[in-house]
Structure formats: structure tokens, C-alpha cells
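Understanding the architecture of this molecule
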Amino acid sequence: MRRSLAFLAAGFLVGALALPASAADGGKEFTITDPRITESSGLAASRQHPGIYWTHNDSDDGAYLYAVDSGTGKTVATVTLTGVGTPRDVEAISIGPGNEIYVGDIGDNLGGTWPYVWIYRLPEPKELRDQTIRATQYVVKYSDGARDAESLVVHPKTGRVYIVDKNEKGGHLYEGPAELSASGTNVFKPIAPVADLEATDAALSPDGEHLVVRSYFGAIAYDWNDGKIKRLERVGVPFLGQGESVTYTDDGSTLMFGAEGADSPVKPEDAPGDTGSESPSGRESSADGNDTGSDDGGSNVKVGAIAAAVALAAVIGFRRLFRRRS
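Notes on the structure follow. (Residues numbered from 1 in each chain as written. Predicted model: local features only at pLDDT ≥ 70, side-chain atom pairs only at ≥ 80, totals over all residues. Heavy atoms only, no water.)

Some remarks on the sheet that holds strand β21 (residues 265-270)
One open sheet holds the 4 strands; their spatial order is β1-β21-β20-β19, and the pairing between them is antiparallel. Among the strands making up the open sheet, the edge pair consists of β1 (30-31) and β19 (243-248). Where β19 meets strand β20 (residues 254-259), 5 bridges bridge the pair, whose relative direction is antiparallel. Looking across to β20, one finds that Y248 is bridged to L255. (Pairing = 2+ DSSP bridges. Helix = DSSP H or I, 4+ residues; strand = E, 2+ residues; numbered from the N terminus.)

Quick look at the structure:
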């Protein structure tokens, strides 16, 4: 999502209201220091380069991916994609089987007006250096009409691609074809509701057993269950401003949450496990993801950040009146 008054408002509020995230095993907090990365909208932990995270800007940047070293926060490689058109609104990144990187050019700031969006696929480079890599471009449509989306995941075993659309009232998990076609149109179909979240990113665990979907202020974990997702619990999310990204660490023990903005922080939280059907707040969660209340302001928001979240949500709502095409 494009930076705006929402992000500026969050910046004024974070210092006064947000509490630091607690340390978590298997992940380390870091800050993305590259001045070129001001709208980090997706995050993916490398499987073959431990401690490296791939990210990208969400628009007006070009066909670039950045490999960031979590030990220093510095970019150690910039990959330029060829074989694709001009990116329109890149919102997500995921790593599939065989260390293939999938990039989701799936955003639509006008709420679902583009007749198609794109996915790019390329091999993760074995050597981390600035280089150009040819990618495969896939045309994507939805079976029930155009929509905005910022979340894309690839199953680590099957390689099947999934998208979660972005909707204030909750969206759906969309399943792509068993194999994407570079010559035709790939139709994604809704297979499960994702309630109570305006999804800004999602991540599948390295073993393919759990799905985490995040919003600006909260996150929900699901049992994957062959795509018939079953809600597990809410997940603690550090308040970082305009929260946009999430990924599992390469060992699956930790979730790393990121945000947009210059010098954007990436902070860890313990990854969820199968703790049963009851959420941390004690409210019963149904198998289809429905709940008795909303998660964007529930117990998964850090204490002290609630006021900031409410204020930022109000500004984001006001901003939608003034959106324009990316």
C-alpha cells in the first residue's frame, strides 16, 4: 500500500504508545537500513541463505528484489527481474519448493478494478550479489471478479499458489491451479473464508501445516488442513506503524513481522502451534474462521498500542476517499 497520511500519523503515535516486542527464540529483531527500501510490503525468509530475508517495495520502484541480512540490516544483493512487464503494485513474496521465489504483483488500490494481476516466479540465486535474473510471468484472474489483494503464499510441498484477498469485512483464501500456466490465464477460486481480518500479508509454515494471516494490527493462525483451513488462535503482533508483512523463519519456530517506511523494523514473535480450538482470550473459534468478535483491536494488539491502532485505522479509512491508481 502506498505511504500516506496514515503512515505519518502512525509515526507520531508509535513512540508514545507502542511497547517493544518481546524476544522470541529462533528470530532476531533487525532494521532494514537500505534507503531505497521505503515501502517494504512483503517478506520471505530464505531457505538456502540462513538469516537472509527477501523484500521489495510495493510500487513505483521497478522489478527489483532485495536480500537483507538480518544480522546487519543491510542489503547484500539486489536482483533485477527481466522477462516481465512493468510492475504495477507488488504486494507479496513467498518461497516455494526448490527455492523458487514467487512475487505477487496483486495489489489494486482502487479496490478491484483491474481485470487481471500478475505473479512472477524466479529461482532464488545461489550466490548473493547484484544480478539480473529472468522470471516467468503468470496472468491471474479470480473466478468471482477482480479484487484487491496483498497476500500470497506457496505451499512448500506441493508448490500450489494461494492468495488471500484484502477486504475490511474479511476475505477469502483463493486457490490457484495445480500448476500455473505461463501461456494462458490462471483462474483462482475461493476455497475458505478468512474472517475478521483486512489481510495485508500471509505466511505458510515451512512444513506446510499452519497458515498465518496478518492485518495492520492483528493476526490469526490456522491449521492448513489441505486448504480447508481451521482457525487455531490469535497471534501477538508488535505494533510497528503500517504493518504490512509477515514470514516464518527458515526453521519455522518464529514469525517475523515487518512494516512500511524508511528504516523499517522487523520484529519476532513465537510461531503458533496446535493449541486447540480456543483462542488466547478464551473465546471459542469455529472451524471456518468465524468468531464472536473482530481481531483488529482484540487481545492480539500490544498493550499500549490500541489507541494508536484506532487512530491509524481512522486515518486509513479517510485516505480511501482519496485513493488514485498506482
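Brief notes about the side chain of D223
The residue D223 is located in strand β17 (residues 219-223) in this model. Engagement of the side chain of D223 in a polar contact is seen with the side chain of H210, the distance being 3.3 Å. (Polar contact = N/O pair within 3.5 Å; in protein donor to acceptor, adjacent residues only side chain to side chain.)

Focus: unusual backbone geometry
Non-glycine residue N99 carries a positive phi angle of around 55°. As for its placement among the helices and strands, N99 is situated in the loop between β6 (92-96) and β7 (100-105). Positioned with a positive phi, D196 is a non-glycine residue whose angle comes to about 65°.

A look at the packing of aromatic side chains
According to the stated counting rule, one finds 6 aromatic pairs in the structure shown. Taking 5.8 Å as the distance between ring centres and 55° as the angle between the ring planes, the aromatic pair formed by Y116 and W118 counts as tilted. Relative accessible area serves as the criterion here: at 33%, Y116 is assigned to the partly exposed category. Joined through ring pairs, the aromatic side chains of Y216, F217 and F239 make up one cluster. Over the ring of W114 we find R88; its NZ or CZ atom is 4.1 Å from the centre of that ring. We note R147 situated over the ring of Y142; from NZ or CZ to the ring centre the distance is 5.9 Å. (Phe/Tyr/Trp six-rings, centres within 6.5 Å; stacked < 30°, edge-to-face > 60°. Buried < 20%, exposed > 50% of the residue type's maximum accessible area, 1.4 Å probe, protein only. Lys NZ or Arg CZ within 6 Å of the ring centre and 35° of its normal.)

Points about the pairing of strand β4 (residues 64-69)
In the case of a regular strand, side chains alternate between the two sheet surfaces. Where strand β3 (residues 52-57) lies against β4, 4 bridges are found, and the strand directions are antiparallel. What sits directly across from T55, in β4, is Y66. What sits between the antiparallel neighbours β3 and β4 is a turn of 6 residues, in which D60 has the positive phi angle 55°. Judged from the 5 bridges that link them, β4 and strand β5 (residues 75-82) form a sheet pairing that is antiparallel. Its bridge partner being in β5, V68 is matched across the sheet by T75. Between the antiparallel neighbours β4 and β5 lie 5 residues, among them G73 with a positive phi of about 80°.

Remarks on the pattern of salt bridges
Two side chains with opposite charge may pair up if their charged atoms get near one another. Taken as a whole, this structure holds 8 salt bridges when the rule is applied. The closest approach of N and O atoms between D196 and R231, which form a salt bridge, is 3.6 Å. In this pair, D196 is assigned in the loop between β14 (185-195) and β15 (201-204) and R231 in strand β18 (residues 230-234), connecting sequence segments 35 residues apart. Each of the two residues, D196 as well as R231, counts as buried. (Salt bridge = Lys/Arg side-chain N within 4 Å of Asp/Glu carboxyl O.)

A closer look at the sheet that holds β18
Remark on secondary structure: sheet strands pair via backbone hydrogen bonds, oriented parallel or antiparallel. Here we have 4 strands laid out as an open sheet, ordered β15-β16-β17-β18, and antiparallel in their pairing. The open sheet has two free edges, formed respectively by β15 and β18, since each of these has just one partner strand. The average angle at which neighbouring strand axes cross in this sheet is 25°, direction not considered. Sheet analysis places β15 next to strand β16 (residues 210-214), joined by 4 bridges and oriented antiparallel. Paired with L204 across the two strands is L211, which belongs to β16. (Axes fitted to C-alpha atoms, helices over the stretch in contact; angles between N-to-C directions.)

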